[in-house]
Amino acid sequence: MKNGIKMWVNAAIDTMDQTAQSLIDGGVDPKEAVKAAALLTKSSVADRLEQNLGNLNAAEFTHGLRTQQEKPLLN
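All of these numbers come straight from a predicted model, not from anything done at the bench. (Residues numbered from 1 in each chain as written. Predicted model: local features only at pLDDT ≥ 70, side-chain atom pairs only at ≥ 80, totals over all residues. Heavy atoms only, no water.)

### Notes on the overall build of the chain
Part 1: In terms of regular secondary structure, the chain is built from three helices and zero strands.
Part 2: Secondary structure elements of the chain occur, N-terminal to C-terminal, as α-α-α.
Part 3: Taking all 75 residues of the chain together, the buried fraction comes to 25%.
Part 4: With an accessible surface of roughly 5300 Å², the chain has 56% of that area assigned to carbon and sulfur atoms. (Helix = DSSP H or I, 4+ residues; strand = E, 2+ residues; numbered from the N terminus. Buried < 20%, exposed > 50% of the residue type's maximum accessible area, 1.4 Å probe, protein only. Areas by Shrake-Rupley, 256 points an atom, 1.4 Å probe, with all protein chains shown as cover.)

### What about the confidence of the model for the chain?
Part 1: In the predicted model, the chain carries a mean pLDDT of 83, and 83% of its residues have values of at least 70.
Part 2: Looking over the chain, one finds the lowest element-wise mean pLDDT in helix α3 (residues 58-66), namely 75, and the highest in helix α2 (residues 30-53), namely 90. (pLDDT = per-residue confidence, 0-100.)

### Some details on the pattern of salt bridges
Part 1: Within the structure shown, the criterion is met by one salt bridge.
Part 2: Across the salt bridge formed by Glu32 and Lys35, the nearest N and O atoms sit 3.6 Å from each other. Highlighted residues: Glu32 and Lys35, both in helix α2, separated by three residues, approximately one helical turn.
Part 3: For Glu32, a relative accessible area of 42% translates into the label partly exposed.
Part 4: On the basis of relative accessibility, which here comes to 53%, the residue Lys35 falls in the exposed class. (Salt bridge = Lys/Arg side-chain N within 4 Å of Asp/Glu carboxyl O.)

### Quick notes on the environment of Asp14
Part 1: The residue Asp14 is located in helix α1 (residues 2-25) in this model.
Part 2: Expressed as a C-alpha distance, the spacing of Asp14 and Thr41, which sit 27 residues apart in the sequence, is 9.5 Å.

### Some remarks on a nonpolar patch on the surface
Part 1: Judged by side-chain polarity, Ile5, Val9 and Ile13 come together as a nonpolar surface patch covering roughly 250 Å² of accessible area.
Part 2: Along the chain, the position of Ile13 falls in helix α1. (Patch = residues over 30% accessible without salt bridge, like charges linked within 9 Å, V, L, I, M, F, W, Y side chains within 5 Å.)

### Here we look at α1
Three- or four-residue spacings in an α-helix give side chains the same orientation, since the helix completes a turn every 3.6 residues.
Part 1: The first and last C-alpha atoms of α1 sit 34 Å apart over 24 residues, in line with the 34 Å expected at 1.5 Å per residue.
Part 2: When α1 is considered as a whole, its buried residues turn out to be Gly4, Met7, Trp8, Ala11, Ala12, Thr15 and Ala20. (Expected span 1.5 Å × (residues − 1).)

### Describing α2
Part 1: With 24 residues, α2 extends 33 Å between its outermost C-alpha atoms, agreeing within 8% with the 34 Å of an ideal straight helix rising 1.5 Å per residue.
Part 2: The set of residues buried in α2 consists of Ala33, Ala37, Ala38, Thr41, Ser44, Val45 and Leu53.

Quick look at the structure:
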């Protein structure tokens, strides 16, 4: 289960980094890009958690975290 949580956290951080870099490359101020990327990533993670684990009972939820794909689908 710890590995599943680590995968979600790592995927979220990678998504935030990629989003911030895209915004910066598009001319957004770096500080504002990081803020926007954080908001977008939080929303994406919340949506994906709901889609992947939202309708599960506690046993299914923990099993789902234990058997997560290598990379959760955040994008």
